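So the chains spell out like this:
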Amino acid sequence: METKWLEDFVSLAETNSFSRSAELRHVTQPAFSRRIQSLEAWLGADLIDRTSYPTRLTHAGEIFFEQAIAMLGQINNARALLRGKRTSVQTTVDFAVPHTLSLTFVPKWLTELQNNFGEINSRLLALNVHDAVMSLVEGGCDLMLCYHHPQQPLLLDPAQYEMISMGTEALRAYARCDKSGVPDFVLPGTIEQPLPFLAYANNAYLGRMVDLILNQTKQALHLDRCYETDMAEGLKMMALEGRGVAFLPESAVVRELKQKQLARADSGADAWEVSMEIRLYRERPSEQKAGKPVVAKLWDYLAQKSQLSNKSKTVRSQR
């Protein structure tokens, strides 16, 4: 049995909706249903009454719901206890980061920290956005790095969690190109010949960003959705094979642009892109949860650096 099965079941019991819980858990509905079925098979009992609408628990499901809550609590308590006994726990910074940022932003950022802040021991948890947020809320990490957009905000209480802006990143369309940098495909496509579209799965955060682009553009795009996956890296590899157009974060394609393997598929226009903020979050320290000294020192350094950057931008804008 996997812990995520318990978390899926608790979510379903709370929402009474497979589709809503699948969205909250950032998986497709078929995948979410299979995980619930796997839990039922492991237990040897039906937990969900599938003859009724809306979804409701069976008698066995009602009994197991309380047990699932208790088990998750015990697992989290055991994890916190064991982490507290690790000799290196107070000198290690635990990061929760969405997959794309873990591959693109984080490596260079940690190198910059090493050069300017000093050596730090770090532990990286690469997760989807929902699980990264849950890791922060449940105390599974010290810091969480993620994308932010006003139309897709993370609903974290600012009274409990504080934030530092780490910069911005654009999400744009790219396609394979020839040695002179001419892309195989160029937006917007036509009704007669729509462009092959390499898309994100429905529950992926970057997929929702692409939806914003498609819904807000004044000039219609003609795309034929021919492939989808959760991962930006997966879409990039398909684009490198010449399979279509993919919307990718700019940090994910720096090397490929330089080597003229990929090129912008939007002719340099900004009408088909969206800017996302990169944010760092932590739980506000308190008397009950003072946090690690190394995290406090790093946070103060990053906060001061952010303030200086903002002041510099203000001065330049006033000139």
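Right, let's walk through the structure included here. All figures in this text were calculated on a predicted structure; none of them were measured in a lab.

**What to know about the pairing of strand β7 (residues 195-200)**
Each regular strand displays side chains that alternate between the two surfaces of the sheet. Taken across its six residues, β7 has five buried, putting it largely inside the fold. Summarising the sheet, β7 and strand β8 (residues 223-229) pair through six bridges and their orientation is parallel. Residue pairing for β8: alanine 199 is matched across the bridge by glutamate 228. Pairing between β7 and strand β9 (residues 245-249): two bridges, direction parallel. Residue pairing in the sheet places leucine 198 in a bridge with alanine 246 of β9.

**So, the side chain of aspartate 142**
Tracing the chain through its elements places aspartate 142 in the loop between α6 (129-137) and β5 (143-148). Using a relative accessible area of 18% as the deciding quantity, one classes aspartate 142 as buried. Within the structure, the side chain of aspartate 142 is placed 2.8 Å from the backbone nitrogen of aspartate 94, a separation counted as a polar contact. Side chain to side chain, aspartate 142 and lysine 292 meet in a polar contact 2.8 Å long. Setting aside residues up to four positions removed in sequence, aspartate 142 forms contacts with Thr92, Val93, Asp94, Leu136, Tyr281, Arg282, Lys292 and Val295.

**Here we look at the nonpolar core**
By size, the foremost hydrophobic cluster in this structure holds 67 residues, and its most contacted members are Met144, Leu171, Tyr200, Phe247, Leu248 and Leu298. Aside from chain neighbours lying at most four places away, what touches leucine 298 is Val93, Phe95, Leu113, Phe117, Ile120 and Leu143. Within the second largest apolar cluster, 19 residues are counted, among which are Leu12, Val27, Phe64 and Leu72.

**Some points on the environment of glutamine 160**
With respect to the secondary-structure elements, glutamine 160 resides in the loop between β5 and β6 (161-176). Considering only alpha carbons, one finds glutamine 160 and glutamate 283, 123 residues apart in sequence, at a separation of 5.9 Å. Here tyrosine 161 takes part through its side chain, which lies 3.5 Å from a polar atom of the side chain of glutamine 160.

**Concerning the pattern of salt bridges**
The final tally for this structure, using the stated rule, is 20 salt bridges. The residue lysine 292 makes a salt bridge to aspartate 142 at a minimum N-O spacing of 2.8 Å. Residue lysine 292 is located in the loop between β11 (274-283) and α10 (293-318), and its partner aspartate 142 is located in the loop between α6 and β5; the two are separated by 150 residues in the primary sequence. Across the pair glutamate 256 and lysine 236 runs a salt bridge whose closest N-O atoms are separated by 3.2 Å. Pair noted here: glutamate 256 is in helix α9 (residues 254-258) and lysine 236 is in helix α8 (residues 232-240), with a separation of 20 residues, a long-range link. With a relative accessible area of 9%, glutamate 256 lands in the buried category. What you see here is one network of salt bridges that share partners, running through Glu7, Asp8, Arg25, Arg35 and Asp131.

**A word on unusual backbone geometry**
Cis geometry is found at the peptide bond from leucine 187 to proline 188, where omega equals 15°. The topology assignment puts proline 188 in the loop between β6 and β7. Here asparagine 16, not a glycine, exhibits a phi torsion of approximately 60°, which is positive. Tracing the chain through its elements places asparagine 16 in the loop between α1 (3-15) and α2 (18-24). Located in the positive-phi region is lysine 260, a residue other than glycine, with phi close to 55°. Tracing the sequence through the fold places lysine 260 in the loop between α9 and β10 (262-264). For lysine 260, a relative accessible area of 44% translates into the label partly exposed.

The rules behind each value
- Residues numbered from 1 in each chain as written.
- Predicted model: local features only at pLDDT ≥ 70, side-chain atom pairs only at ≥ 80, totals over all residues.
- Heavy atoms only, no water.
- Buried < 20%, exposed > 50% of the residue type's maximum accessible area, 1.4 Å probe, protein only.
- Helix = DSSP H or I, 4+ residues; strand = E, 2+ residues; numbered from the N terminus.
- Pairing = 2+ DSSP bridges.
- Polar contact = N/O pair within 3.5 Å; in protein donor to acceptor, adjacent residues only side chain to side chain.
- Contact = heavy atoms within 4.5 Å.
- Core = buried A, V, L, I, M, F, W, Y, C linked by side-chain atoms within 4.5 Å.
- Salt bridge = Lys/Arg side-chain N within 4 Å of Asp/Glu carboxyl O.

Just geometry here; none of it tells us what the structure is for.
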